[in-house]
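Residue-level structural notes
Each chain, letter by letter, is given below.
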Amino acid sequence: MATKSGDTAHLYDGKTVRSSAPSRKKLAGNASATGEIPKDAIPTVEIPTFIESLLGGPLVPKMKFLPADKMVQNLQLGCYGVLIALGVLTYIVTPAVGTIWFAVTGSMTIATILQLMIVVSAIGTGFWGTMSRDARFMLASYILFILSVMRFASSKVSLSQDLFNFGDSELLLTILVVIYAVLLVMYFELSNGVLRFSMLDTSIRTREVYVMNVKKIIGKYHRSLVINPLIAGTLAMLVLSVNTILPAFISLFSEQTALRMSESVELISVYGVALGTLFVFIVVGALFALDLPTHLQSWRENKD
Amino acid sequence: MWSRKSAMLGSLAVAMYLLGLTLRNSQLVTIAVVIFVFLTWAALFGGHADVSASGRRAEEWSGEEGVSLSNVSAMRKLSSARIFEDGDVGVTLRMQNHSALGKILEVKDRVPEVMRIKDGANYILMELGPRRETFIEYTVECPLRGFYSLGPVAVRVQDPFGLFHKEKELHVYNDFLVFPKMEDLKDTFVKSRVPKIFTGAVNIRQPGPGSEFYSLREYFDGDSFRAINWSAYARSGKLMVNERERDAVSDIILIVDSRAVSETGPVSRNALVYSTRAAASLAKFFLGRRDSVGLITYGDEVVSIDRDTGKKQLYVILTKLAGAMARGNIPLQVVVNRILPHINKGSPIIVLSNLEDDPTIVNALRDFRARDFDVTVLSPSSLEFEFDAKRLDRTGYEVLKTERDVLISELRGLGVNIMDWEPDMLLSTALAGARGF
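Just so you know, these numbers come straight off a predicted model, no measurement behind them.

Details of the packing of aromatic side chains
Scanning all chains against the criterion turns up 20 aromatic pairs over all chains. For the ring pair phenylalanine 249 of chain A and phenylalanine 253 of chain A, a centre distance of 5.7 Å and an interplane angle of 75° mean the geometry is edge-to-face. For phenylalanine 253 of chain A, a relative accessible area of 65% gives the class exposed. Here tyrosine 148 of chain B and phenylalanine 176 of chain B contribute two aromatic rings whose centre-to-centre distance is 6.0 Å and whose plane-to-plane angle is 35°, an arrangement assigned as tilted. On the criterion of sequence distance, the pair formed by tyrosine 148 of chain B in strand E8 (residues 146–150) and phenylalanine 176 of chain B in strand E11 (residues 174–179) is long-range, its members being 28 residues apart. In this structure, tyrosine 148 of chain B and phenylalanine 176 of chain B share a single accessibility class: buried. Through a chain of ring-to-ring contacts, the aromatic side chains of Tyr142, Phe145, Tyr187 and Phe188 of chain A assemble into a single cluster.

Looking at the sheet that holds strand E4 (residues 103–109) of chain B
Sheet strands line up and pair through hydrogen bonds in the backbone, either parallel or antiparallel. Spatially, the five strands line up as an open sheet ordered E1(A)-E6(B)-E4(B)-E9(B)-E10(B), and their pairing is mixed. Of all the strands in the sheet, just strand E1 (210–211) of chain A together with strand E10 (165–170) of chain B have a single pairing partner and so form its edges. For E4 of chain B and strand E6 (residues 123–128) of chain B, the ladder comprises six bridges, and the chain directions are antiparallel. Within the sheet, the bridge partner assigned to glutamate 106 of chain B lies in E6 of chain B and is leucine 125 of chain B.

Some points on the pairing of strand E16 (residues 302–308) of chain B
All names here are of chain B. Across five bridges, the pairing between strand E15 (residues 292–298) and E16 is antiparallel. Paired with leucine 295 across the two strands is isoleucine 305, which belongs to E16. Between E15 and E16, which pair antiparallel in sequence order, lie three residues.

Regarding the side chain of glutamate 85 of chain B
Residues and elements named next belong to chain B. Position of glutamate 85 among the secondary structure elements: in the loop between strand E2 (82–84) and strand E3 (87–97). Separated by 2.9 Å, the side chain of glutamate 85 and the backbone nitrogen of arginine 145 make a polar contact. With residues up to four places along the chain from it excluded, the contact list for glutamate 85 reads Cys142, Pro143, Leu144, Arg145, Val178, Phe179, Pro180, Lys181 and Arg277.

A look at helix H1 (residues 4–23) of chain B
With 20 residues, H1 of chain B extends 28 Å between its outermost C-alpha atoms, agreeing within 8% with the 28 Å of an ideal straight helix rising 1.5 Å per residue. Taken from the residues just after H1 of chain B, arginine 24 of chain B is the one with a positive phi, measuring 55°.

So, the sheet that holds strand E5 (residues 116–120) of chain B
Residues and elements named next belong to chain B. In spatial order, the strands read E1-E3-E7-E5; together these four strands make up an open sheet with antiparallel pairing. Edge positions in the sheet fall to strand E1 (72–78) and E5, since each has one partner strand and no second. Recorded for the sheet is a direction-independent mean angle of 30° between the axes of neighbouring strands.

So, the packing of helix H8 (residues 214–240) of chain A against helix H9 (residues 242–250) of chain A
Residues and elements named next belong to chain A. Put simply, H8 and H9 touch, their axes get as near as 5 Å, and they point 60° apart. By the angle between their axes, H8 is oblique relative to H9. Together, Leu238, Val239 and Leu240 of H8 and Val242, Asn243 and Ile245 of H9 make up the contact between the two elements. Considering only residue class, the contact of H8 with H9 consists of five nonpolar, one polar and no charged.

Considerations on the nonpolar core
One finds Leu75, Phe145, Tyr180 and Tyr187 of chain A together with Ile31, Val34 and Ile35 of chain B to be the most contacted residues of the largest nonpolar core, which totals 80 residues. Every element with two or more residues in this core is listed here: helix H3 (70–93), helix H5 (108–132), helix H6 (135–149), helix H7 (170–205), H8 and helix H12 (270–289) of chain A together with H1 and helix H2 (26–45) of chain B. With 16 residues, H7 of chain A is the single largest residue contributor to this core. The next biggest cluster of nonpolar side chains, apart from the first, holds 67 residues, and it includes Met212 of chain A together with Leu69, Val111 and Leu427 of chain B.

With respect to the environment of valine 336 of chain B
All names here are of chain B. Within the secondary structure layout, valine 336 lies in helix H7 (residues 332–339). A sequence separation of 32 residues divides valine 336 from phenylalanine 368, and the C-alpha atoms of the two residues are 7.6 Å apart. The residues contacting valine 336, other than those within four sequence positions of it, are Ala364, Asp367 and Phe368.

Description of the confidence of the model for chain B
Residues and elements named next belong to chain B. Averaged over all residues, the pLDDT of chain B equals 83, while 87% of them reach at least 70. Note that pLDDT drops below 50 for residues 48–65; the model gives that stretch 37 contacts with residues more than four away or on any other chain. A low-confidence stretch, residues 198–204 (pLDDT under 50), is modelled with 19 contacts involving residues beyond four sequence positions or located in other chains.

Reading guide: rules and limits
- Here the residue numbering is sequential within each chain, running from 1 through the sequence in written order.
- For naming, the first written chain is A and the first written ligand is 1, with later ones following in the order written.
- In view of the model being predicted, local features appear only for residues whose pLDDT reaches at least 70, and side-chain atom pairs are presented and counted only at 80 or more, with totals across whole chains, interfaces and linings using the full set of residues.
- Neither water nor hydrogens contribute to the side-chain values; these are computed over all heavy atoms in the structure.
- Two aromatic rings, drawn from Phe, Tyr or Trp (for Trp, its six-membered ring), form a pair once their centres lie within 6.5 Å of each other, and the interplanar angle then sorts them: stacked below 30 degrees, edge-to-face above 60, tilted otherwise.
- Each residue gets one of three labels from its accessible area relative to the maximum for its type: buried under 20%, exposed over 50%, partly exposed in between, using a 1.4 Å probe on protein chains only.
- Each helix corresponds to a stretch of at least 4 residues labelled H or I by DSSP, and each strand to a stretch of at least 2 residues labelled E; elements are numbered beginning at the N terminus.
- Two strands qualify as a pair provided DSSP detects at least 2 bridges between them.
- Here a polar contact is recorded for every N or O atom pair within 3.5 Å, except that within protein the pair must consist of a potential hydrogen donor and a potential acceptor, and residues adjacent in sequence are included only if both atoms are side-chain atoms.
- We call two residues in contact when some of their heavy atoms are within 4.5 Å.
- Residue count minus one, scaled by 1.5 Å, sets the expected span of a helix.
- In this analysis, axes come from line fits to C-alpha atoms, helices being fitted only over the stretch in contact, and the angle between any two N-to-C directions falls in the range 0 to 180 degrees.
- Geometric relationships in this document are graded by angle, where less than 35 degrees denotes roughly parallel, more than 145 denotes roughly antiparallel, 65 to 115 denotes roughly perpendicular, and other angles denote oblique.
- In the scheme used here, Gly and all other residues not listed as nonpolar or charged are polar, with Ala, Val, Leu, Ile, Met, Phe, Trp, Tyr, Cys and Pro taken as nonpolar and Asp, Glu, Lys and Arg as charged.
- Within this scheme, the nonpolar core is defined by two criteria: the residues are buried Ala, Val, Leu, Ile, Met, Phe, Trp, Tyr or Cys, and they are joined through side-chain atoms within 4.5 Å.
- Values of pLDDT, ranging from 0 to 100, describe the predictor's confidence in every residue of the model.

Here you go:
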């Protein structure tokens, strides 16, 4: 064994050299000139970081994607479309009033410019992340979009641009906000889908994974991309329309109470939305508590 | 079971919801509501709602027969249960869906780490229609000897967005054996000093050249004076000679060092790998020559296979070699002490060891030589393996190599036929070198 000094006398300490060579395993750790443990002697243990755990995969993909196939390209195109629509809607539904930068600068112009810059940055990073299939830019884009919507509001929805007079109709405003929320979630899903399907496609082409009935699997994903937003939008509309639905229900018993309720500030404010959410999710929670999904699944599985 | 993605979305939704109420921001609350609805819908109809509904974590969930996966079954068939190193095993996995619902399944058939998928894939994403079955075929290459097991089959269903999934392991296992690969040998240059005149491992109950006493008989002309039993002559007054029981055929004893130190070096290139391959090749050669061959492996215990002949014995030896694990540190002296009373004098003994970390080697081999055994040592040098793998620097290598050379010279001085077996050397060349050819 060689050490820095080149002295090997210690090798012979307490050993009869002619009997046997020293254990190679013991020497493996310090047999180099520098005495360091060889890299390949230590098993590598990879523990995902917090961010990697959240994203469900590595932030910097270790897998180099192969050029995007048609499915991924379609998803990318869809993502670009959603991103543009989302950018426009974000700018409309998130006026500079109430933002942190408005509170800090006190200037509407500067706040508007900053807000616009954030939205544009969110779109830009989203575009770049989707195009280069890089999770880091996607994450930055998500954060910027969420940042742009973080503002003190006065419970009622206000618009920065109202070219089509949406503000005149409560329903149209609600629809606009729901579409905005659905588009945001769809953007999360589509950009995530770009990564997921790129990984899958690369795995297929490198023969790590074999996919049977690709068309059916992709078809199911495509169907879900249409059905899920529709359902999410409808249910969200239901939740957000609690200030209409509750008075209508109460009017069956008392017209007066229903009228007072529909004019109640609490019910038409964000707390009304919270109340609606509470009602809907109490029902959903009850369904789960009754184990309805299991029964439903069981019935579907076993029917002839 | 929640995926990280759904956990992230769920956390984001809760945070947005609370922040929306605090900031009185209905956009935030709306986004949170939409995310909640997404998650709920996926949990309800993703085929794994039972887990979400029960509120139990997958590891706490004793009911293996989940709704979505209870009707999925798997069966496996192997093309062969015994192969040699570098051989291929064809695997056919049959997946069946007994339910009335079609499923999108991720199936992964677990393959031992050392194996390589040569053809096909063991990881399949498939749409399995209602009451349908499908066959998945793939081939694995087995580069290293050992006992292996394929399985379990991991099956997973998840919703299209990958928000929730449910996993199940179908405990379908198939065992198979990978024998060490063998080299064809023309000659081993190893011959018993006891003449071979009869094939088979049985003791021959008849007089002849041998080591054990058989009977007394009268002296005839030509008998060796050394065979005269002088005590008997004194008693009877006639010249009597000792007759000896004829030894059986050549008994070849293979001793394989499977101590922990024998695995020093890369996984596919170490002393144990070389030793097992050499032992398999030698066993095949000697058994083909109709000798009887015994095997002893020592590591954490001494395992021996008694001498026998024939093809069956070859498979017994190969099986034992396939399962030899690098464990323990029993010295060679223990092995020698244990086997010495049981082997015939003059039998060739072939020791396969890297000669490391055993201070008893010299004494043990001296004991063999003192009893006139023909000892051959083939020593795969783990120094070379480590030096090739760049785990040793030049100086360390030179020092250890010198020590090894000193040891080999000392053993050669005892009359042991020894060869420092370098990694690129063929077994036949190493044997010829050991025997001085």
